[in-house]
Amino acid sequence: DTGVSQDPRHKITKRGQNVTFRCDPISEHNRLYWYRQTLGQGPEFLTYFQNEAQLEKSRLLSDRFSAERPKGSFSTLEIQRTEQGDSAMYLCASSLGTGEGNTEAFFGQGTRLTVV
Amino acid sequence: GESVGLHLPTLSVQEGDNSIINCAYSNSASDYFIWYKQESGKGPQFIIDIRSNMDKRQGQRVTVLLNKTVKHLSLQIAATQPGDSAVYFCAENPLYIPTFGRGTSLIVHP
């Protein structure tokens, strides 16, 4: 499978614990995005990388959230001291950025986080 | 603030009918738009895109229309099938970041 891969698919954690999710984008894609989606809503943008540089962060990304893309390939999203309100689907997407402008973003299957 | 929105939250059609899903956008700087399909428990799946220098683009059984004058997008699905049942999102892509509206749930009755 050469699409966007996310791990784990499901995560149940106790409130206050830290969790980390991984995203492997499509191999030649230089742009990587993280989104959060709750039931009945569209995906909400969290953060965006161009290669290893984190270029944009949403106000939704509180201090408890941190994302990295150390070598410009895979990315991790960590949530510290999880709260019940963090329960959501966390989606990763990647796209091929070119000098021509925007290209389509392809999404992974997401990581479903449940905080109990 | 500026946003992407959808006119109808739910659309019910009979199998074999044509479906039309509408989307309004308000960011006049948007020059690229994407339609995604999302099935329950899965990530959004790319369907078709269109750039602002076009007003129509066709794919397999799908057509996207763009009316820049009234800032409106539509997705037309021909001969709708039960497998088309899903939530459909339009996304605008200013500054390289896809921005989504709430979505329209398409229900196809056999």
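Residues numbered from 1 in each chain as written. Chains lettered and ligands numbered in written order. Predicted model: local features only at pLDDT ≥ 70, side-chain atom pairs only at ≥ 80, totals over all residues. Heavy atoms only, no water.

**With respect to the overall build of chain A**
When helices and strands are tallied, chain A shows zero helices and 11 strands. Beginning at the N terminus, the succession of helices and strands in chain A can be written as β-β-β-β-β-β-β-β-β-β-β. In terms of overall size, chain A behaves like a compact globule, its C-alpha atoms giving a radius of gyration of 14 Å where 116 residues would be expected to give roughly 13 Å. Taken along its principal axes, the extent of the C-alpha atoms in chain A is 45 × 30 × 25 Å. (Helix = DSSP H or I, 4+ residues; strand = E, 2+ residues; numbered from the N terminus. Rg over C-alpha atoms; globule rule 2.2 N^0.38 Å.)

**Some details on the nonpolar core**
The biggest cluster of nonpolar side chains holds 20 residues, and the ones touching the most others in it are W35, L73, L75, Y88 and L106 of chain B. Of all the elements in the fold, those that place two or more residues in this core are β2 (10-14), β3 (19-25), β4 (32-38), β5 (45-51), β7 (62-67), β8 (72-77), β9 (86-92) and β11 (104-109) of chain B. Counting 19 residues, the second-largest nonpolar core is a separate cluster that includes V4, F21, I26 and L61 of chain A. (Core = buried A, V, L, I, M, F, W, Y, C linked by side-chain atoms within 4.5 Å. Buried < 20%, exposed > 50% of the residue type's maximum accessible area, 1.4 Å probe, protein only.)

**Description of the sheet that holds strand β1 (residues 5-7) of chain A**
Sheets are built from strands that pair by backbone hydrogen bonding, the pairs being arranged parallel or antiparallel. All names here are of chain A. Taken in spatial order, the four strands line up as β1-β3-β8-β7 in an open sheet, and their pairing is antiparallel. Strand pairing shows two members of the sheet lacking a second neighbour, β1 and β7 (65-68), which therefore form its edges. Sheet twist, expressed as the mean angle between neighbouring strand axes with direction ignored, is 15 degrees. (Pairing = 2+ DSSP bridges. Axes fitted to C-alpha atoms, helices over the stretch in contact; angles between N-to-C directions.)

**Brief notes about the pairing of strand β5 (residues 44-50) of chain A**
Put simply, side chains in a regular strand alternate between the two faces of the sheet. All names here are of chain A. The element β5 is largely enclosed, with a buried count of five among its seven residues. Counted along the chain from strand β4 (residues 31-37) to the antiparallel partner β5, the turn is six residues long, and its residue G40 has a positive phi close to 80 degrees. Both β5 and strand β6 (residues 53-57) contribute to a ladder of four bridges, which runs antiparallel. Opposite Y48, over in β6, you have E56 as the bridge partner.

**As for the layout of surface pockets**
One number sums up the size of the second largest pocket: a volume of about 400 Å³. Lining the second largest pocket we find 20 residues, and of these Q37, L39 and G40 of chain A together with Q38 and V87 of chain B sit closest to its centre. Listing elements by their share of the lining of the second largest pocket, those giving two or more residues are β9 and β11 of chain B. Residue contributions to the lining of the second largest pocket peak at three residues, all from β9 of chain B. Across the lining of the second largest pocket, the residue classes tally to six nonpolar, 10 polar and four charged. (1 Å grid on protein atoms, 1.4 Å probe; cavity = no way out; pocket = protein on both sides within 12 Å on 5 of 7 lines; lining within 4 Å. Points joined across faces, edges and corners; volume = space filled by probe spheres on them. Nonpolar A, V, L, I, M, F, W, Y, C, P; charged D, E, K, R; others polar.)

**Remarks on the interface of chain B and chain A**
Where interface size is quoted, it is often the accessible area lost as the parts come together. Opposite the 20 residues of chain B that make contact, chain A presents 23 residues. Of the roughly 1,700 Å² buried between chain B and chain A on both sides combined, carbon and sulfur atoms contribute 54%. Here chain B is connected to chain A by zero salt bridges. Contributing elements (two or more residues each) for the side of chain B that touches chain A: β4 and β5 of chain B. Here the residues of the side of chain B that touches chain A are counted per class, giving 10 nonpolar, five polar and five charged. (Contact = heavy atoms within 4.5 Å. Buried area = accessible area lost by both parts, 1.4 Å probe. Salt bridge = Lys/Arg side-chain N within 4 Å of Asp/Glu carboxyl O.)

**Topic: the environment of W34 of chain A**
Tracing the chain through its elements places W34 of chain A in strand β4. Placed 57 residues apart in sequence, W34 of chain A and L91 of chain A show a C-alpha to C-alpha distance of 5.7 Å.

**Thoughts on the pattern of salt bridges**
Summed over all chains, the structure comprises six salt bridges over all chains. We note a salt bridge from D24 of chain A to R22 of chain A, for which the minimum N-O separation is 2.7 Å. D84 of chain B serves as the salt-bridge partner of R61 of chain B, at 2.9 Å between the closest nitrogen and oxygen. With R61 of chain B in the loop between β6 (56-58) and β7 and D84 of chain B in the loop between β8 and β9, this residue pair connects regions lying 23 residues apart in the sequence. When its relative accessible area of 7% is taken as the criterion, D84 of chain B is described as buried. Several salt bridges converge on common partners, so that one network encompasses R64, E83 and D86 of chain A.

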